[in-house]
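Spelled out from the first residue to the last, the chains are:
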Amino acid sequence: MSPTPLLHPNTDIELEPLHNTDTDTDTGTDTDGSETSHGMTQKRRGGGLKKQGAMNSSSSVEFRRKQPSTEFMSSSAQQVEALLERESFTLDDDHDPNKPAAASLMLLSPKDRRNFFLLVLLYFLQGVPMGLAMGSVPFLLKHTLSYGEIGVFTLASYPYSMKLLWSPIVDAIWSPKMGRRKSWIVPVQFVSSVMLLWLGSQAERLMAEASKRLYFFTWVFFCLVMLCATQDVAVDGWALTLISPENLSYASTAQTVGLTAGQFLSYTVFLAFNSADFSNKWFRTTPQKEGLFTLGGYLTFWGWAYLLVTIGLALLKKEEKTNNRDGIISVYKTMWKVLKLKHIQTIVIIHLISKIGFQANDAVTNLKLLDKGFSQEDLALTVLIDFPFEIGLGYYAGKWCAYFPPMQLWMWGFIGRLVAAALAQITVYIFPSDGVVESWYLLVVIAEHIFSTFTSTVMFVAISAFHAKIADPEIGGTYMTLLATVSNLGGTFPRIFVLKLVDYFTAATCVPPEKPTVDFPQAFTAFSCAIEQEKNRCIKQGGLCNIQRDGYYITNVVCILMGIVTFWGYIKPAALRLSALPLRAWREYERT
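A brief look at the structure comes next. If you're wondering where the values come from, they're calculated on a predicted model, not measured in any experiment. (Residues numbered from 1 in each chain as written. Predicted model: local features only at pLDDT ≥ 70, side-chain atom pairs only at ≥ 80, totals over all residues. Heavy atoms only, no water.)

## Notes on the packing of aromatic side chains
All told, the structure shown has 28 aromatic pairs when counted by the stated rule. Both rings, one in Trp-219 and one in Phe-222, keep their centres 5.6 Å apart while their planes meet at 15 degrees; by these two values the pair is stacked. Of the two residues, Trp-219 and Phe-222 both sit in helix H6 (residues 214-242), three residues apart, roughly one turn of that helix. We classify Phe-222 as buried; its relative accessible area is 18%. Clustering of aromatic rings is evident, with ring pairs tying together Phe-124, Phe-270, Phe-273, Phe-278, Phe-283, Phe-293, Tyr-298, Phe-301 and Trp-302. Seen from the ring of Tyr-147, Lys-142 lies directly overhead, with NZ or CZ sitting 4.4 Å from the centre. Above the ring of Phe-527, the side-chain terminus of Arg-537 is found at 3.9 Å from the ring centroid. (Phe/Tyr/Trp six-rings, centres within 6.5 Å; stacked < 30°, edge-to-face > 60°. Helix = DSSP H or I, 4+ residues; strand = E, 2+ residues; numbered from the N terminus. Buried < 20%, exposed > 50% of the residue type's maximum accessible area, 1.4 Å probe, protein only. Lys NZ or Arg CZ within 6 Å of the ring centre and 35° of its normal.)

## Thoughts on the pattern of salt bridges
If you walk through the whole model with that rule in mind, you get ten salt bridges. Of the charged contacts in the structure, one is a salt bridge between Lys-368 and Asp-550, with a shortest N-O distance of 3.2 Å. One end of the pair, Lys-368, is in helix H12 (residues 359-372); the other, Asp-550, is in the loop between strand S5 (544-549) and helix H19 (551-579), and 182 residues separate them in sequence. With relative accessibility at 4%, the residue Lys-368 sits in the buried group. Its relative accessible area of 13% is what places Asp-550 among the buried residues. Counted as one network, the salt bridges with shared partners bring together Lys-142, Lys-368, Asp-371, Glu-532, Lys-535 and Asp-550. (Salt bridge = Lys/Arg side-chain N within 4 Å of Asp/Glu carboxyl O.)

## Side note on the nonpolar core
Core analysis: the largest hydrophobic core is formed by 98 residues, its most contacted members being Leu-119, Leu-141, Phe-217, Phe-221, Trp-302, Val-364 and Phe-374. Considering each element in turn, this core owes the most residues, 17 residues, to H6. Excluding residues within four positions of it along the chain, Trp-302 makes contact with Phe-124, Leu-125, Val-128, Leu-196 and Leu-265. Core analysis: the next-biggest nonpolar cluster, separate from the first, contains 38 residues, Phe-358, Val-486, Ala-575 and Trp-586 among them. (Core = buried A, V, L, I, M, F, W, Y, C linked by side-chain atoms within 4.5 Å. Contact = heavy atoms within 4.5 Å.)

If you want it as structure tokens, here you go:
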């Protein structure tokens, strides 16, 4: 559905929004699809607005300089090539105003529909290892690793916050025989399949030895996530040519559906079916010690699935040939020039400190619930119920970006997220002392989880809209990736320190039994059981781990206080100042 046309404040002329969903761009085309050479342009039609990903802000309208003309190109292939070479080309641009996008998936052309499902499949495969590395594995390790050691494992997720460092290489180096994108996707998926098959055969041993070989275990998943991040760069680029220009917004849909489904399967579904209690309750008549899915079997299955898809992709799918090669050095130079902008440096600082306030909630709350006795299947049920709310509330958060300034909406989400962190602490604190989770408490956990997810989604959608508004369309991909990378890094780098602080602040003593028993005849003196390994040793020796001070509560309070101080002391005034800047202030760097 198209929005209400935008009016220039000094005229009655309708202006076309500069971007659709994720980028602040203008195709620079007249009604016949050819470009003009005028320095400025006004249009008498409202631009269509797709509600996917980060939504538009009604304030993101300006007069934009045209790109070089393609009207004198000798063939349509040359015109398409010139179109794809533009820095302002994005997934959500409507490059032919006279040819509207398909109203539904079934109205896509057969070719576009096939390519859409191919993109969903490729993004889905990326989501499977990501769901394991960022979701399931840390929960499975909770019974053997301390919070600090789990913090070390979170380093495995860093490649997605670092892919900007090598994305220009993926765009620039490739084999003409195989194709620009398949040159990376095919070998990366093949190596991923080998790693998954190897991990499947070694999973149980690696999990058992995780505490002894933690850094090796983390390195293995780091390499797997790095392969997924590299594939993500290549698939994003291929999406630009797989889908027709007028239907490119469906590429964003494919990414959202594929990645979300892959992560959902490897996190929520896997955790549920890996649970022996869940499997015995719903699918077995004779109880067994293991769930329906084991980690080794799951990894092996997806290793073979990766391999089959890779072979099919290499043999059956042909990629359009192109001779265009981007300069690696020039892209890195441009990124450095952008980083030297004072306003960019300010937003980088905001991104790096803005998520400290809710790091304890994001990283520790669910683990602490498991630690207190909340079952794995109840947690899986919580995330399962939260999933449709995340999608639906994300849609409405996107709509709000069309009516409120993105940074204002982001700040509202920030305050809400601090409140969610406080509510999470209360939720953990009121955990039933007898360890029996009744319906009322499960509903409390679900409600707290939904509210926390909602505020997080509001912040994500709002900051994505702001990035789209300020990004220079001439280097749109580089600009947006730079901002997104810094934003992701702000959410990953504090996590290891927060998890280590939980262990540091925790004080617990293992109290030996009053009298030796048949099972535990050997007496021992009291010792600290603050970390998981010592707690397990205490229980095995028949002792009781008495917690005098829970580091989670202290760490969460410290994080919330830091969030309050940084928000009102720096983030809010800086964000308001950045929001008031004209668009040209974000583009005043030296052009090459």
